[in-house]
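Single-letter residue listing:
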Amino acid sequence: MIAGLEYLLSFLLALVIALAVIHVGGLVFPYLMRRLWGFVGDRHGPNRVGPFGFFQPIADGIKLFTKEDITPARANRWIFLLAPAIAFSTPLLVQAVIPFSESYTIADLNIGLVYIVAVGAFGVLGILLAGWASNNKYSLLGGLRSAAQMISYEIPLLLTIIVVAMLADSMNLGDVVARQENVWYIAVQPLAFIVFLVAGVAELNRTPFDLPEAESELVSGYITEYSAMRFALFYGLVEWGNVTVWGLTTATLFMGGWRGPFLSGPQWLAVKVILMALIIIWFFSTFPRLQVDQLMAFAWKILIPISILNLAATGLFITLWPDDYLVPTAIFSWSAVIIFIAAFTFMVKKILLNKRLGMKAREEYEPWLLHKPPGPIPPRRQTGL
Amino acid sequence: MNEFHPLAFYLIGGAVIACALGVVIFKNLIYSAIAMICCFSGISGIYVLLHAELLAAAQLLIYVGAISILILFAIMLTRHRSGNIDIFFHRQSWAAIPLVLLVFVALAITLGWGRYQASADSLHAGTRQVADVLFNQYAFPFEVVSLVLLAAMIGAVILAAKERKR
Amino acid sequence: MTTDYNVSYLSVALLGLADICFVLALLGVSRLVQRRNPYAAKLTTYECGIEPFSDSWSPFAIRYYLFALLFVLFDVEAVFLYPWAVIFRSMGVTGFVEMMIFIAVLLCGLFYAWGKGALEWV
């Protein structure tokens with residue numbers, strides 16, 4: 001009886017911590033994104049509420065909380081309500097297996113690596129059902145696209161996580177962290193890390209893979225009909241909560257998890273999560289959006305073959321040198337990364353330097369660059385952050 | 001606490017049966033699909049109770065993550081209205097009742113009076129033991145699985161190509 | 001918190017339950033706070049300002065279904081790879097070759113789909 005009560009209390013504490021992680025992520029990261037995006041675009045970000053606009057997300061939260069939420073008359077009321085709950089389970093349930101410090105894991109499962117991907121399935125279901133329940137053409141298209149994209153990029157993600165399981169010889173996340181005591185897997189397997197990063201960004205529906213919410217064609221994708229607190233749930237807590245949890249997963253799988261000098265476990269995790277979020281924001285502010293056909297081709301024709309190749313090579317090295325496989329694996333992985341980056345740069349350069357293509361595009365879209373401008377361009381007003 | 005409480009089994013089992021009934025009873029296909037997803041998740045819970053962790057995760061990954069998406073796509077692909085629709089294939093219910101009863105009796109006999117040999121060790125087999133048996137003892141059937149998957153893949157491609165031509 | 005098998009999975013189940021309760025509570029409290037004034041025009045489906053026509057629950061292209069089918073097959077493949085990943089060290093070359101044959105057969109399928117143009121989004 002006493003043991004049961006003790007367990008219940010510690011579980012409630014863990015639940016509060018897990019919810020707090022999602023909420024902090026959902027409040028801080030959108031603010032950080034708007035701020036940095038403003039800096040990149042030479043604009044002010046939110047800067048009115050509090051110092052540096054720091055209380056902007058809280059103001060937004062209060063506003064969304066007190067606004068009227070609308071269920072469209074033609075929507076399916078019940079699934080419209082259920083969909084955010086299904087989608088919200090992903091960031092909450094993934095946290096169960098993440099080790100936050102040496103002793104703190106909510107549920108130390110032996111199959112943690114499979115569990116993470118398996119639980120991710122609820123996110124796809126929630127988005128698909130949200131798109132369908134809205135009974136809006138944009139929402140439905142957004143939901144379908146999102147589901148198709150997420151399932152396509154889940155395969156490279158799965159295959160990459162298998163590489164981590166092979167290196168760690170375990171599917172328990174605590175063991176994965178313990179094996180990275182001397183060297184992080186990002187140094188051993190940069191190729192796996194890059195595939196995981198790209199597939200993860202696609203899985204999170206972030207730029208350059210944010211087609212499901214392509215505002216220029218689909219209004220807002222599957223969240224078009226969601227308003228007020230329901231919108232806040234989907235946009236703030238589910239999407240940015242997923243970014244936070246994905247950062248936690250990446251840190252655990254590739255960057256040594258909670259391990260690090262000087263700081264405590266949760267502090268190191270926070271640093272690594274912020275780093276991953278900054279990478280996503282950087283992608284957001286620099287890359288243009290892909291087309292649907294390019295998006296699917298990239299998953300099936302590039303990422304899946306690369307991850308299968310990586311898996312086979314890692315397996316080969318571990319079989320050949322069961323004791324010191326780290327060095328050959330690292331050599332293979334780093335050289336593969338260099339070759340791929342070189343090939344990519346060469347391709348991009350070829351496209352950019354293609355004179356006929358370039359001139360044609362310029363004539364079509366930026367004729368003023370080819371002819372003299374009609375008058376002097378007025379000087380731009382300098383704006384700081 | 002090495003054994004689960006029987007209450008957990010009855011709770012999950014009851015939920016699974018209720019969801020399975022929901023799949024058949026709901027008139028709206030999407031509701032049926034959601035009940036089916038709950039049913040799949042519940043079965044994964046039963047695997048957990050039986051200490052088959054890997055199977056539970058595989059159940060979630062394949063059934064909830066992949067097959068339910070496939071079924072949702074299939075429902076959304078077909079022309080249907082939510083709400084009342086004429087379900088013409090429900091007219092055979094008179095024939096279904098004795099058939100279902102027969103299956104129930106057959107299952108009850110096999111499960112209730114059948115003999116199963118399983119040691120306590122094999123019931124609590126970890127992932128490593130499962131993998132060991134799968135890749136050593138059943139290596140050939142495992143390779144055949146890849147052929148089955150290949151056949152399914154080719155079938156899917158041919159079906160899609162036919163649809164595209166139309 | 002604990003490494004006990006049953007307790008760990010109990011926590012996972014309770015987290016799932018807490019998820020639904022939390023979302024419903026959040027939306028419920030928000031509903032108590034907000035001022036509601038629904039009317040027919042507000043409740044129409046958004047369609048760029050024009051009157052919404054027809055249901056959006058209508059059939060769409062088959063390509064989504066094809067990708068979902070391919071995904072199911074690769075998912076099944078990945079599920080076989082997980083137990084292999086933790087055992088192949090002890091099996092030596094046999095285990096490696098076994099899995100390479102399995103993957104090679106499936107790669108044939110992928111390249112077949114590629115060659116047939118099934119991976120094109122048209």
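Since the model is a prediction, treat every value here as computed from it, not as a measurement.

### Things to note about the overall build of chain C
At step 1: Of the regular secondary structure elements, chain C holds two helices and zero strands.
At step 2: Burial statistics for chain C: of 122 residues in total, 39% are counted as buried.

### A word on the overall build of chain B
At step 1: Helix and strand counts for chain B stand at seven helices and zero strands.
At step 2: Along chain B, helices and strands appear, N-terminal first, in the series α-α-α-α-α-α-α.
At step 3: By residue count, 26% of the 166 residues in chain B fall in the buried class.
At step 4: Contacts spanning at least 24 positions in sequence make up 54% of the contacts within chain B whose residues lie at least 6 apart.

### Some words on the packing of helix H1 (residues 2-40) of chain A against helix H1 (residues 5-33) of chain C
At step 1: Put simply, H1(A) and H1(C) touch, their axes get as near as 11 Å, and they point 55° apart. In terms of orientation, H1(A) and H1(C) fall into the oblique class. The handedness of the crossing between H1(A) and H1(C) is right-handed. Facing A:Tyr7, A:Phe11, A:Leu15 and A:Leu19 of H1(A), the residues of H1(C) in contact are C:Val7, C:Ser11, C:Leu14, C:Leu15, C:Ala18 and C:Phe22.
At step 2: Classifying every residue of the contact of H1(A) with H1(C) by side-chain character gives nine nonpolar, one polar and no charged.

### Description of the environment of A:Tyr104
At step 1: In this structure, A:Tyr104 sits in the loop between helix H3 (77-94) and helix H4 (112-133).
At step 2: Considered as a pair, A:Tyr104 and A:Val183 are 79 residues apart in the sequence and their alpha carbons are 22 Å apart.

### Remarks on the confidence of the model for chain C
Low pLDDT marks regions whose predicted coordinates should not be analysed in detail.
At step 1: Across chain C, the average pLDDT comes to 81, with 85% of residues at 70 or higher.
At step 2: On the interface metric, ipTM, the complex scores 0.85, and its pTM is 0.85.

### Digging into helix H5 (residues 137-168) of chain A
Residues and elements named next belong to chain A.
At step 1: An ideal rise of 1.5 Å per residue puts 46 Å on 32 residues; H5 measures up with 46 Å between its terminal C-alpha atoms.
At step 2: When the local axis directions of H5 are compared, the greatest deviation, roughly 25°, occurs at Glu-154, which is followed within four positions by the proline Pro-156.
At step 3: Among the 32 residues in H5, 32 count as buried, and that is most of the element.

### Observations concerning the interface of chain C and chain B
At step 1: Counting residues at the interface gives 39 residues for chain C and 41 residues for chain B.
At step 2: Every element with two or more residues in the side of chain C that touches chain B is listed here: H1 and helix H2 (63-115) of chain C.
At step 3: It is H2(C) that provides the largest number of residues to the side of chain C that touches chain B, a total of 28 residues.
At step 4: Residue composition of the side of chain C that touches chain B, grouped by class: 30 nonpolar, four polar and five charged.

### Some thoughts on the environment of C:Asn6
At step 1: Inspection of the secondary structure assignment puts C:Asn6 in helix H1.
At step 2: Distance in space between the C-alpha atoms of C:Asn6 and C:Lys42 is 49 Å, their sequence separation being 36 residues.

### Comments concerning the nonpolar core
At step 1: Counting 195 residues, the largest nonpolar core has A:Ile162, A:Val164 and A:Ala165 as its most contacted members.
At step 2: With 28 residues, the single largest contributor to this core is H2(C).
At step 3: Not counting residues up to four positions away in its chain, the partners in contact with A:Ala165 are A:Leu113, A:Met171, C:Tyr82, C:Ala85 and C:Val86.

### Remarks on the interface of chain A and chain C
At step 1: If you look at the interface, chain A gives 67 residues, while chain C gives 58 residues.
At step 2: For the side of chain A that touches chain C, the elements supplying multiple residues, two or more each, are H1, helix H2 (56-66), H3, H5, helix H10 (228-254) and helix H12 (292-320) of chain A.
At step 3: By residue number, the principal contributor to the side of chain A that touches chain C is H12(A), which donates 13 residues.
At step 4: Here the residues of the side of chain A that touches chain C are counted per class, giving 45 nonpolar, eleven polar and eleven charged.

### Re the packing of helix H1 (residues 6-25) of chain B against helix H2 (residues 29-49) of chain B
All names here are of chain B.
At step 1: Direction vectors running N to C along H1 and H2 enclose 155°, while the axes themselves pass 8 Å from each other. With respect to H2, the axis of H1 lies roughly antiparallel. When the axes of H1 and H2 are compared, the crossing they make is left-handed. Of the residues in H2, those touching H1 at Ala-8, Phe-9, Ile-12, Gly-13, Ala-15, Val-16, Cys-19, Ala-20, Gly-22 and Val-23 are Ser-32, Ala-35, Met-36, Cys-38, Cys-39, Gly-42, Ile-43, Gly-45, Ile-46 and Leu-49.

### Observations concerning H1(C)
The periodicity of an α-helix, 3.6 residues per turn, causes residues three or four places apart in sequence to face the same way.
At step 1: A rise of 1.5 Å per residue sets the reference length of H1(C), with its 29 residues, at 42 Å; its end C-alpha atoms lie 42 Å apart and thus fit the reference within 8%.
At step 2: Where H1(C) is concerned, the buried positions are C:Ser8, C:Tyr9, C:Leu10, C:Ser11, C:Leu15, C:Ala18, C:Asp19, C:Phe22, C:Val23 and C:Ser30.
At step 3: The secondary structure elements touched by the buried residues of H1(C) are H1, H2, H3 and H10 of chain A together with H2 of chain B.

### Side note on the environment of C:Ser11
At step 1: Relative to the helices and strands, C:Ser11 is located in helix H1.
At step 2: A sequence separation of 13 residues divides C:Ser11 from C:Leu24, and the C-alpha atoms of the two residues are 20 Å apart.
At step 3: Among all residues touching C:Ser11, those that are not within four sequence positions of it are A:Phe11, A:Ala96, A:Ile106 and A:Ala107.

### Some details on unusual backbone geometry
At step 1: The backbone of A:Asp42 sits at a positive phi, close to 60°, despite the residue not being glycine.
At step 2: Residue position: A:Asp42 is located in the loop between H1 and H2.

Cut-offs and rules
Residues numbered from 1 in each chain as written. Chains lettered and ligands numbered in written order. Predicted model: local features only at pLDDT ≥ 70, side-chain atom pairs only at ≥ 80, totals over all residues. Helix = DSSP H or I, 4+ residues; strand = E, 2+ residues; numbered from the N terminus. Buried ≥ 20, exposed ≤ 12 C-beta atoms within 10 Å, placed from the backbone. Contact = placed C-beta atoms within 7 Å. Axes fitted to C-alpha atoms, helices over the stretch in contact; angles between N-to-C directions. Parallel < 35°, antiparallel > 145°, perpendicular 65-115°, else oblique. Left-handed = near helix turned anticlockwise from the far one by under 90°. Nonpolar A, V, L, I, M, F, W, Y, C, P; charged D, E, K, R; others polar. pLDDT = per-residue confidence, 0-100. Expected span 1.5 Å × (residues − 1). Bend = angle between axes of the 7 residues up to and from the residue. Core = buried A, V, L, I, M, F, W, Y, C linked by C-beta atoms within 7 Å.

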